[in-house]
Amino acid sequence: MDLAQHLGYRYLPQGPLRRGVTRLAATRPVSRLLARVQRPADRAVWRLSRGATTATALLVGMPVLWVTTTGAKSGKSRTVPLLAIPYGHGLALMGTHYGTRHTPGWVYNLIANPAATAACGGKQVEVEARRLDEGEAAPVWDAAASIYSGYSRYRERASHRKIEVFLLEPA
């Protein structure tokens, strides 16, 4: 099964406005702001739209994948809105956290327990996250940069740490 197709995970066309917003979002000051406000904004718009859309989808045409992991330390269920890259028959996740200093918590959760749930557009699938080595991740980075130019900038800004890349595949 092709995970992106099953979940209806697809990008909307990027006109001039969305391309401008995308470029702006990848700048250092806006990325810092987004690292703090994007998750609550996506959740709020998702609730107000009754699950139809998110702030990210409205602004840049990029769908949000809701990934539910098990907390590495707490063991509690944690759901985070993430951007994913369709790759092969799965969806790739990159732990860029907008190019900030810190690795996002969901990365540690997937390392500790790769079983997760992915949801988009009212559909949900149990998935297994496979951590990719550098060789496997290289073509994913290329695919990501072709979809969203911000990934290249995030990677540069986070060059002080290893950015983990995972491939979600149906469990």
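All values derive from a computational prediction rather than experimental measurement.

Basis of the calculations
- Residues numbered from 1 in each chain as written.
- Predicted model: local features only at pLDDT ≥ 70, side-chain atom pairs only at ≥ 80, totals over all residues.
- Heavy atoms only, no water.
- Patch = residues over 30% accessible without salt bridge, like charges linked within 9 Å, V, L, I, M, F, W, Y side chains within 5 Å.
- Areas by Shrake-Rupley, 256 points an atom, 1.4 Å probe, with all protein chains shown as cover.
- Salt bridge = Lys/Arg side-chain N within 4 Å of Asp/Glu carboxyl O.
- Lys, Arg positive; Asp, Glu negative; His and termini not counted.
- Charge placed at Lys NZ, Arg CZ, Asp CG, Glu CD.
- Helix = DSSP H or I, 4+ residues; strand = E, 2+ residues; numbered from the N terminus.
- Buried < 20%, exposed > 50% of the residue type's maximum accessible area, 1.4 Å probe, protein only.
- Pairing = 2+ DSSP bridges.
- Axes fitted to C-alpha atoms, helices over the stretch in contact; angles between N-to-C directions.
- Contact = heavy atoms within 4.5 Å.

Trainee: Break down a positive patch on the surface for me, with residues and values.
Mentor: There is a patch of like positive charges on the surface, built from Arg28, Arg32, Arg36 and Arg101. Along the chain, the position of Arg28 falls in helix α3 (residues 28–48). In this structure Arg28 comes out as partly exposed when scored by relative accessible area, which is 44%.

Trainee: Explain the sheet that holds strand β3 (residues 85–87) to me, using residue names and the numbers behind them.
Mentor: Pairing within the open sheet is antiparallel, and its seven strands lie in the order β2-β1-β5-β6-β7-β4-β3. With one partner strand each, in any of the chains shown, β2 (77–82) and β3 form the two edges of the open sheet. Averaged over all pairs of adjacent strands, the angle between their axes in this sheet comes to 35°, without regard to strand direction. Packed onto the sheet, α3 meets β1 (65–70) and β2 and runs at close to 90° relative to β2.

Trainee: Describe the pairing of β1, naming the residues involved and giving the relevant values.
Mentor: Pairing geometry for β1 and β2, over six bridges, is antiparallel. When the bridges of β2 are listed, Leu65 appears paired with Leu82. In textbook terms, the turn of a hairpin is the stretch between consecutive antiparallel strands, and for β1 and β2 this stretch comprises six residues, one of which, Gly75, has a positive phi near 75°. In the sheet, β1 pairs with strand β5 (residues 115–120) via three bridges, with the strands oriented antiparallel. Within β5, the position partnered with Trp66 by the bridge is Ala119.

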